[in-house]
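Chain residues, written in single-letter form:
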Amino acid sequence: MNHEKANENTEGQTFKIRKRMLFAHEYSRLCCLAGQDGKRRRRKKRQLEKRTPCTSANGFLTYSFTPVINREVGLLGQAKQVQQEFFRSLANLAEFYQLDISCTDNLYYPLNIQDAFEKAKKAFDEKRTGLNLIIAKDKSRKACVSTVKTYDTGTCLYYLPVKPLLLLMRNRHTKKQANLLLSVFAYLYLVGGIPYFTEGFLAGEYDMIYEWYTTDESEYDEEYYNAVIQAYKQMNYFGKKLLKSISHRYHLQQFETRVRQFKPVGEKDIALHEASLQLLAIYKEYPARSIMDNIHGCAKELEEDEKVSPEQYISFMWDGEGLVYDQLIETVNTRFQETVDIDEPVAVQYFDKLPETERHELGFEELFFDNLHNLSDALNKL
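Predicted model, so just to flag it, every value in this text is computed and none were measured.

Right, let's talk about the overall build of the protein for a bit. On a plain count of helices and strands, the protein comes out with 12 helices and 11 strands. Sorting the 382 residues of the protein into buried and exposed places 50% on the buried side.

What follows is the structure in structure tokens.
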């Protein structure tokens, strides 16, 4: 897409904005340059100097990954159990990756674990596997050496506007397109786990912007002010009506039927149909998977305002253009300038047992995010 504009902040950093899907330029630890066209691009992450847990049916989200180094190791539990599990999993890791790790015998707990983990991490990093080494703690493990593969989201804001759906529904000539998009949105909301803008992070951002304008309307040009207030009235009224439709499971049940029966005419229809086909394929292959299932809290102990959580960069929004949109982007940009990390999908392999093969499965995440890009392109053409 060619519709880009740059917003500059007071510190000179720039967010590259793409209609309906936003790309952030470098901001603190979080960012690297993202692709400027409609396709997903892999880029190497910066050497870094330097998100709110989501509800999911997948109990794996309750796990926390807790590196020992620079932490109070005593929090892991009783010394004997921690040491036994740690060194057993460390031995499995060393055997699997053929690592030469010489541990010091004259150190007491927890310094013995810290020393061994530092040496293991150094030897593991030299293998250049593209994985991270952590000590994982969850309900069944106290201190298990584990490897983590992170899915690079490309530091994108995956914001999908719902106003195009409203426009299709109000036009009697585009009822089929509206029903198809309604099923797509129902899948993304009910199964895919994408929050709606009246419920999640963006709800607070929209409310804050509205409060700015209504606190002292005399500060704004009358025509500009009236346009913003009118946009908010439309957003609040129709946004709630659209959510009621999107959250109805009937539209999810009709997803496959609508995709199969849809006959595209013209470039807009083709783009929408192709995006719908791809998302339907994901739904059929992963009928119960949410994009939030494999997104976990940061391994490090960070304050909430230091992290970007999944609902902050994955969400429905109202519109991808206009005065409110412009203000929203500026507000989000400003907020994320202070963040130091981002919660992204991860695949963890535990070494409490010696595995037969390396296994870090992120196929669903790759398909899901790639096709959000495709859907974004299709929405841009409507």
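Our next topic: the pattern of salt bridges. By the definition in use, this model includes 11 salt bridges. Residues Lys119 and Asp115 are paired through a salt bridge, measuring 3.3 Å at the closest nitrogen-oxygen approach. Pair noted here: Lys119 and Asp115 are both in helix α2 (residues 111–126), with a separation of 4 residues, about one helical turn. Classification of Lys119 by relative accessible area gives partly exposed; the value is 31%. The exposure class assigned to Asp115 is buried, which follows from its relative accessible area of 17%. Residues Arg141 and Asp138 are paired through a salt bridge, measuring 2.8 Å at the closest nitrogen-oxygen approach. Per residue, the accessibility class of Arg141 equals that of Asp138, and both read buried. Each of Asp138, Arg141 and Asp352 takes part in one network of salt bridges that share partners.

When the pLDDT values of the protein are averaged, the result is 81; 77% of them are 70 or greater. Note on residues 1–75: pLDDT is under 50 here. Beyond four places in sequence and across chains, it has 216 contacts. Within the model, the stretch residues 298–302 combines pLDDT values under 50 with 14 contacts to residues more than four positions away or in other chains.

Another point: a negative patch on the surface. A surface patch of negative charge is lined by Asp216, Glu217, Glu219, Asp221, Glu222 and Glu223. Mapped onto the secondary structure, Glu223 falls in helix α6 (residues 222–246). Under the relative-accessibility criterion, Glu223 is labelled exposed at 65%.

So, about unusual backbone geometry. The omega angle of the peptide bond from Tyr109 to Pro110 is 5 degrees, so this bond is cis rather than trans. Mapped onto the elements of the fold, Pro110 is located in the loop between α1 (79–97) and α2. The backbone phi angle of Gln98 is positive, close to 55 degrees, even though this residue is not glycine. Tracing the chain through its elements places Gln98 in the loop between α1 and α2.

The rules behind the values
- Numbering of residues starts from 1 in each chain and follows the order in which that chain's sequence is written.
- Whole-chain, interface and lining totals are the exception, using all residues; otherwise, since this is a predicted model, local features are given only for residues with pLDDT of at least 70 and side-chain atom pairs are given and counted only at 80 or more.
- For side-chain calculations, the full set of non-hydrogen atoms in the structure is used, while hydrogens and water are omitted.
- Comment: elements are numbered from the N terminus, with helices defined as DSSP H or I runs of at least four residues and strands as E runs of at least two.
- The buried label applies to any residue whose accessible area, calculated with a 1.4 Å probe on protein chains only, is under 20% of its type's maximum; exposed applies above 50%, and partly exposed to all values in between.
- Definition used for salt bridges: Asp or Glu carboxyl oxygen within 4 Å of a side-chain nitrogen of Lys or Arg.
- Values of pLDDT, ranging from 0 to 100, describe the predictor's confidence in every residue of the model.
- Only heavy atoms matter for contacts: two residues are in contact if any of them lie within 4.5 Å across the pair.
- Residues forming no salt bridge and having over 30% relative accessible area are the ones grouped into patches, like charges within 9 Å of each other and nonpolar side chains (Val, Leu, Ile, Met, Phe, Trp, Tyr) within 5 Å.
- Under the convention used here, a 1.4 Å probe and the Shrake-Rupley method define accessible areas, while residue burial counts only the protein chains that appear.
- We score Asp and Glu as negative and Lys and Arg as positive, and we do not count His or the chain ends.
- A charge is said to be at NZ when it belongs to Lys, at CZ for Arg, at CG for Asp and at CD for Glu.

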